[in-house]
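Fold and geometry: a report
Each chain, written out:
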Protein chains: 2
Amino acid sequence: MKLTILGCYAATPRTISNPTSQVLEIKNKLFLIDCAEGTQVQLRKSKVKFSKISQIFISHLHGDHFYGLIGLISTFMLLNRKNDLHVYGPKGIKEIILMQLKASGSYTGYNLYFHELESKESEIIFEDDRVMVKTIPLSHRIYTNGFLFQEKNSERKLNIEKVEQYNIDKVYFNKLKYGGDMTLDNGKIIPNSELTFDPQASKSYAYCSDTMYNEAIIPIIENSDYLYHESTFLESESHLSERTMHSTAKQAATIAKNANVKNLILGHFSTRYNNIDLFKQEAQTIFENTFLADDGKEFNMI
Amino acid sequence: MKLTILGCYAATPRTISNPTSQVLEIKNKLFLIDCAEGTQVQLRKSKVKFSKISQIFISHLHGDHFYGLIGLISTFMLLNRKNDLHVYGPKGIKEIILMQLKASGSYTGYNLYFHELESKESEIIFEDDRVMVKTIPLSHRIYTNGFLFQEKNSERKLNIEKVEQYNIDKVYFNKLKYGGDMTLDNGKIIPNSELTFDPQASKSYAYCSDTMYNEAIIPIIENSDYLYHESTFLESESHLSERTMHSTAKQAATIAKNANVKNLILGHFSTRYNNIDLFKQEAQTIFENTFLADDGKEFNMI
């Protein structure tokens, strides 16, 4: 898993900072999470291969999380995209996008599917052989979901020494990775357990932006390897945080601690702060493994 | 009049180029013309005072001309704007913007007026004591208008030498500028013609993007001081130009020549060209006073 932060600031795009968007890479598959104005330029800056994005997850319909979506969809059109595109987001998103495409007299040459979300309970919204995505219902001023990305790892790891010892041809490697035993030319059966190791532990990433402090999410995100939790404000501005239904760095750290996650990434910083290191300092009084998001920054979740 | 090009490239925003948007300053008043994705960041880069924009003119509903509008309107909201904002654009624009504001649970703290355009004839859509704006019906794939900005100059210029000679107090200057005669303390009347010069010639700017070659616009833009005319392609790609209902540099220059404008600014360049000087070269075979737009470039139309 590799996470690239395209933008991690609240409110408006500026020359030096971008509102929220991220790309999560899992086993060569790219998931776009939120898509603020400027996302396509940020994708280009990060040299992300546009065409590999097939799933876009939109947390909520505030502009700093989705005003770049219509532009990205249009650009895919101009780039002559052919493969399907799936958009997951709150009810209403389909009408907003289609109305704009209609007004421009444009029709996508690819299939564009909308999966509109309404449930206030966590639900599985995407699943394939590599990853499962679940919603994390958040508490914000409008209907908002975070997303839990759970890597699937059913592939066993080859014991190269043993495989070479038995001179096993590589055409059998996939069979071994998926737990099959091996029958040698002399008829002898070698059990899979002798030829492979257990799969690596599968990773998980929980994305929570935007939300007020909400312990109800803990059972969903519990034990995640990485948690991105918004911290729009510091405790010194907790009155603003409460009024706008956002979180402080301390609150984000408290969620991280209580959910027993391994690492916390802070983001969605209000642009009122010149020194975002203060967010890390505040969070680390509660939760040590805290990192700061920044536009263009990559997190290799190995 | 001062024109600032915020973006002048066709199709999609890129790291090195922006789609269409311009700010025209006339006597301290700012008019925003088109508003592609990224316009608010370009406004910040050009250090334009956001709050001074009260009129926004949108030529048509292709994304590279208006996908930045919803973000700008939202940012005005966050910046606590109080003064009225007027948006002029094709029918449909109001519903697109209001639907998105509604979805985000946001309401502007300022008055937002939409002036939806449907007419296929040129019409006056804005007028105050400083400027008049007329539509220029263009020929593109969807309903599109250019805009003619006609400066009004009713103010006469003070003859400082004479004004000092008669020792006229500055409280009378405005009266003189608007043609009034002066009665001196001794009862003598000095005619205005002795105290002032004729007003400076008023300037005009014609904005024409996007359009195929269309001679019908000539009577509207005739004798303009500056004409911005799109030239998406060079003649070598005239087959693309025809198919997409755009113009070549040569066609733009032909319009400039036949309309007897003083200066031509080319823009809306396809990003397929690495050397935009070729546009100038092609145009200058027809019309000498040709300039190239470029992101961030300013034209002082004195």
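The rules we used
- Residues numbered from 1 in each chain as written.
- Chains lettered and ligands numbered in written order.
- Predicted model: local features only at pLDDT ≥ 70, side-chain atom pairs only at ≥ 80, totals over all residues.
- Contact = placed C-beta atoms within 7 Å.
- Helix = DSSP H or I, 4+ residues; strand = E, 2+ residues; numbered from the N terminus.
- Nonpolar A, V, L, I, M, F, W, Y, C, P; charged D, E, K, R; others polar.
- Least-squares fit on C-alpha atoms with pLDDT ≥ 70 in both.
- Domains from an automatic or database assignment.
- Buried ≥ 20, exposed ≤ 12 C-beta atoms within 10 Å, placed from the backbone.
- Pairing = 2+ DSSP bridges.

**Here's the deal with the interface of chain A and chain B**
- Taken together, the contact between chain A and chain B spans 31 residues of the former and 31 residues of the latter.
- Listed by contribution, the elements that provide at least two residues to the side of chain A that touches chain B are α1 (39-45), α3 (69-78) and α4 (93-103) of chain A.
- For the side of chain A that touches chain B, the per-class residue count stands at 11 nonpolar, 14 polar and six charged.

**Here we look at the relation of the copies chain A and chain B**
- Mapping chain A onto chain B leaves a residual RMSD of 0.0 Å; the transformation is a rotation of 180 degrees accompanied by 0.0 Å of translation along its axis. Both copies of the chain, as the preceding transformation shows, are related through a two-fold rotation axis.
- Here 100% of the contact residues of chain A are again contact residues in chain B; the copies associate through an equivalent surface.

**Let's talk about the domain arrangement of chain A**
- For chain A, the domain assignment lists domain 1 (2-153 + 200-300) and domain 2 (157-197).
- One C-alpha centre belongs to domain 1 of chain A, the other to domain 2 of chain A, and the line joining them spans 41 Å.

**Brief notes about the pairing of strand β15 (residues 226-230) of chain A**
Residues and elements named next belong to chain A.
- Taking burial as the measure, the five residues of β15 include five buried ones, the bulk of the element.
- One ladder, built from four bridges, connects strand β14 (residues 204-208) with β15; its direction is parallel. Bridge pairing in β15 places C208 opposite H229.
- When β15 meets strand β16 (residues 263-267), the two strands line up parallel, connected through five bridges. By the bridge assignment, H229 is partnered in β16 with L266.

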